[in-house]
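Notes for the structure review
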Amino acid sequence: MRLLIATQNPGKRKEFQHLLGDLAVELVLPSEVGLGDLEVAEIGDTFEANAILKAQAFAERSGLYTLADDSGLMVDALDGRPGLYSARYGGPGLDDHGRRQKLLDELLYVHDPERGAQFVAVIALANPQTLGCQVVEGIVRGRIIHEERGNNGFGYDPIFQPDGYDQTLAEMDEGFKNRLSHRGRAVEKVIPLLQEIMG
């Protein structure tokens, strides 16, 4: 079965391939089916709404079952920020390191017990015939530490320590991190949906 991943990021395809394990699916990127230029405005006000917007747009144009995800970091002490804006937090001038630094600065005077946070990933699987979507969610709880640790990750991984572990996501082995992560937990729920489609 060919399955379109609604992202232009080849790294994400690799991650999905790893998480889907031995499932007999061929993951394809938009650029491989002539949709390299398709941009979908993420105008939804929830992770779910944005994932559905992307999945439906790419499924409709490609005629393929399509997986799309939207994810972000929600910090308790910041009323759920950066949330939907995790990838754009602090404006267009900041890179990953700059966004992490902005977050740490905002939490400078917040004590450990109040530094709870969660990574949330929502995945939508769109049917190209009906454009109906099945939606799953993965969450990993943890806390924001006081300084960056580890270099095996991106985004907020170096400052996020999952509950029950003494390492940040960026200090963990790639395979272990992928399974533990919010996206890994969401993909686990997608696998039976794909198995059902494949009969």
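Overview of the structure. (Residues numbered from 1 in each chain as written. Predicted model: local features only at pLDDT ≥ 70, side-chain atom pairs only at ≥ 80, totals over all residues. Heavy atoms only, no water.)

**Overview of the overall build of the chain**
Scanning the chain for helices and strands turns up 5 helices and 6 strands. Ordered by position in the sequence, the α and β elements of the chain form the string β-α-β-α-β-α-β-β-β-α-α. Taking 2.2 N^0.38 as the reference for a compact globule, 199 residues should give roughly 16 Å; the C-alpha atoms of the chain span a radius of gyration of 17 Å, in line with that estimate. The principal-axis extent of the C-alpha atoms belonging to the chain is close to 50 × 35 × 25 Å. (Helix = DSSP H or I, 4+ residues; strand = E, 2+ residues; numbered from the N terminus. Rg over C-alpha atoms; globule rule 2.2 N^0.38 Å.)

**Observations concerning unusual backbone geometry**
Between Arg81 and Pro82 the backbone carries a cis peptide bond, its omega angle lying at -5°. Positionally, Pro82 belongs in the loop between β3 (66–75) and α3 (96–106). Look at Asp79: it is not a glycine, yet its phi comes out positive at around 55°. The exposed category is assigned to Asp79, whose relative accessible area is 76%. With phi around 65°, Leu131 is a residue other than glycine that occupies positive phi space. (Buried < 20%, exposed > 50% of the residue type's maximum accessible area, 1.4 Å probe, protein only.)

**Topic: helix α1 (residues 10–20)**
Every buried residue of α1 is accounted for by Lys12, Glu15, Phe16, Leu19 and Leu20. Each buried residue of α1 lies within a common arc of 125° when the element is viewed along its axis, so the set occupies one face. Across α1 from its buried face, at more than 90 degrees, point the exposed residues Pro10 and Lys14. Of the surrounding elements, those touching the buried residues of α1 are β1 (2–5), β2 (26–28), β3, β4 (116–126), α4 (174–180) and α5 (182–198). Directly beyond the C-terminal end of α1, a positive phi value near 60° is found at Gly21. (Arc of directions from axis to C-beta. Contact = heavy atoms within 4.5 Å.)

**Concerning the pattern of salt bridges**
Counted according to the given criterion, the structure contains 15 salt bridges. Here Glu15 ties to Arg183 by a salt bridge, and the two come within 3.3 Å at their closest N and O atoms. One end of the pair, Glu15, is in helix α1; the other, Arg183, is in helix α5, with 168 residues separating them in the sequence. For Glu15, a relative accessible area of 12% gives the class buried. On the basis of relative accessibility, which here comes to 7%, the residue Arg183 falls in the buried class. In this structure, the salt-bridge partner of Glu42 is Lys54, at a minimum N-O distance of 3.4 Å. Taken together, the residues span a long stretch of sequence, with Glu42 in the loop between β2 and α2 (47–62) and Lys54 in helix α2 at a distance of 12 residues. Connected through salt bridges with shared partners, the residues Lys12, Glu15, Asp69 and Arg183 form a single ionic network. (Salt bridge = Lys/Arg side-chain N within 4 Å of Asp/Glu carboxyl O.)

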